[in-house]
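One letter stands for each residue in the lines below.
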Amino acid sequence: MSDVQSLFKKNSIIPDIITIAPSEILNIKYPSGVTVDLGKELTPTQVKDKPVVKWACKDTEYYTLAMIDPDAPSRENPKFREWHHWLVGNIYGGDLNKGEVLSDYIGSGPPKGTGLHRYVFLVFKQQEKFDFSKVPKLPNNSGDKRGKFSIAKFAQEYKLGTPIAGNFYLAKYDDYVPKLYAKLKG
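Since we're looking at a predicted model, the values are computed, not measured. (Residues numbered from 1 in each chain as written. Predicted model: local features only at pLDDT ≥ 70, side-chain atom pairs only at ≥ 80, totals over all residues. Heavy atoms only, no water.)

**Student:** Hey, could you go over unusual backbone geometry for me, with residue numbers and the actual values?
**Tutor:** Looking along the chain, the bond that leaves Ile14 and enters Pro15 is cis, with omega of 15°. With respect to the element layout, Pro15 can be found in helix H2 (residues 13–16). The omega torsion across Ala72 and Pro73 is 0°, close enough to zero to call that bond cis. Even without a glycine there, the phi angle at Leu38 is positive, about 30°. For Leu38, the location among the structural elements is in the loop between strand E2 (27–29) and strand E3 (52–54). Even without being a glycine, Lys159 presents a positive backbone phi close to 55°. (Helix = DSSP H or I, 4+ residues; strand = E, 2+ residues; numbered from the N terminus.)

**Student:** Go over the pattern of salt bridges, please, and point to the residues and values.
**Tutor:** Pairing is possible between side chains of opposite charge, provided their charged atoms come close. Counted according to the given criterion, the structure contains eight salt bridges. Close ionic contact of Asp104 with Lys50 constitutes a salt bridge, the shortest N to O distance being 3.3 Å. With Asp104 in the loop between strand E6 (100–103) and strand E7 (117–125) and Lys50 in the loop between E2 and E3, the pair connects residues that are 54 residues apart, well separated along the chain. Between Lys137 and Glu100 there is a salt bridge, with the nearest N and O atoms lying 3.7 Å from each other. Of this pair, Lys137 sits in the loop between E7 and helix H3 (151–157) while Glu100 sits in strand E6; the two residues are 37 residues apart in sequence, bridging distant segments of the chain. You can call Lys137 partly exposed: its relative accessible area is 41%. For Glu100, a relative accessible area of 25% puts it in the partly exposed group. What you see here is one network of salt bridges that share partners, running through Asp16, Asp71, Arg81 and Arg118. (Salt bridge = Lys/Arg side-chain N within 4 Å of Asp/Glu carboxyl O. Buried < 20%, exposed > 50% of the residue type's maximum accessible area, 1.4 Å probe, protein only.)

**Student:** I'd like a rundown of the sheet that holds E7, residues and numbers included.
**Tutor:** Spatially, the six strands line up as an open sheet ordered E1-E8-E7-E4-E5-E6, and their pairing is mixed. The open sheet has two edge strands with one neighbour each: strand E1 (24–25) and E6. Two strands pair when backbone bridges link them, and strand E4 (residues 62–69) and strand E5 (residues 83–92) are joined in this way by seven bridges, in the antiparallel orientation. Bridged to Ala66 within E5 is Leu87. Running at roughly 45° to strand E8 (residues 165–171), helix H1 (residues 3–10) makes contact with E1, E7 and E8 of the sheet. (Pairing = 2+ DSSP bridges. Contact = heavy atoms within 4.5 Å. Axes fitted to C-alpha atoms, helices over the stretch in contact; angles between N-to-C directions.)

**Student:** Run through the packing of aromatic side chains, naming residues and quoting values.
**Tutor:** For the structure shown, the criterion picks out 14 aromatic pairs. Between the aromatic rings of Trp55 and Tyr63, the centroid separation amounts to 5.3 Å while the plane-to-plane angle is 75°, which identifies the pairing as edge-to-face. Each ring, one from Phe154 and one from Tyr158, has its centre 4.9 Å from the other, and the planes form 45°; the classification is tilted. What makes Phe154 buried here is its relative accessible area of 6%. What links up through ring pairs into an aromatic cluster is the set Tyr30, Trp86, Tyr105, Tyr119, Phe121 and Tyr169. (Phe/Tyr/Trp six-rings, centres within 6.5 Å; stacked < 30°, edge-to-face > 60°.)

**Student:** Describe the nonpolar core, listing the residues and the values that go with them.
**Tutor:** Ranked by internal contacts, the top residues of the largest apolar core, which has 26 residues, are Phe8, Ile17, Ile18, Val120, Leu122, Ile151 and Phe154. Sorting the residues of this core by element identifies H1, H2, E4, E7, H3 and E8 as the ones contributing at least two each. Residues within four places of Ile18 in sequence aside, it is in contact with Phe8, Ile13, Leu122, Ile151 and Pro163. (Core = buried A, V, L, I, M, F, W, Y, C linked by side-chain atoms within 4.5 Å.)

**Student:** I'd like to hear about the pairing of E7, residue by residue, with values.
**Tutor:** Two faces, one strand: in a regular strand the side chains alternate between the faces of the sheet. The element E7 is largely enclosed, with a buried count of eight among its nine residues. Pairing between E4 and E7: six bridges, direction antiparallel. Its bridge partner lying in E7, Tyr63 is registered against Lys125. Here E7 runs beside E8; their pairing, made up of seven bridges, is antiparallel. Across the sheet, Val123 pairs through a bridge with Ala165, a residue of E8.

Structure below.
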């Protein structure tokens, strides 16, 4: 069992989000200089900007990337599970710039007093290029239509199979969160 698989199980990502953990690590680096390291705690301030994401990919394959928070609004009361922060499909050859942004990146914004949230990144290999025209395209200045998402159902609908790479970090409220909320109100 890889570190990714054992830490996904230890942190209840299995079974809260998916049933089979990816075996490969997803490398994630934020413009702030921090990297995501399987369950390390980061702050909303450190992860406010879209990161650079890399994985072992093939130049001629399509991929889907998702970032979700299963702990919205809190781990004890996840009534908005899963809140998706980022969703990009049809990523050709691992180049995010060549992907179709379905939900633009929004950094972590755990509400005050809700403790640590898990922020989970998953990459799926697509069988082919998909038509995502029925998926609403969500901007990064609104939280509308992001709650109660299910990456497992999305993966099933588009026949994505199990994730091939993943990573996650933990974050709790900091003083950047009110600024994020103000941005999401438009």
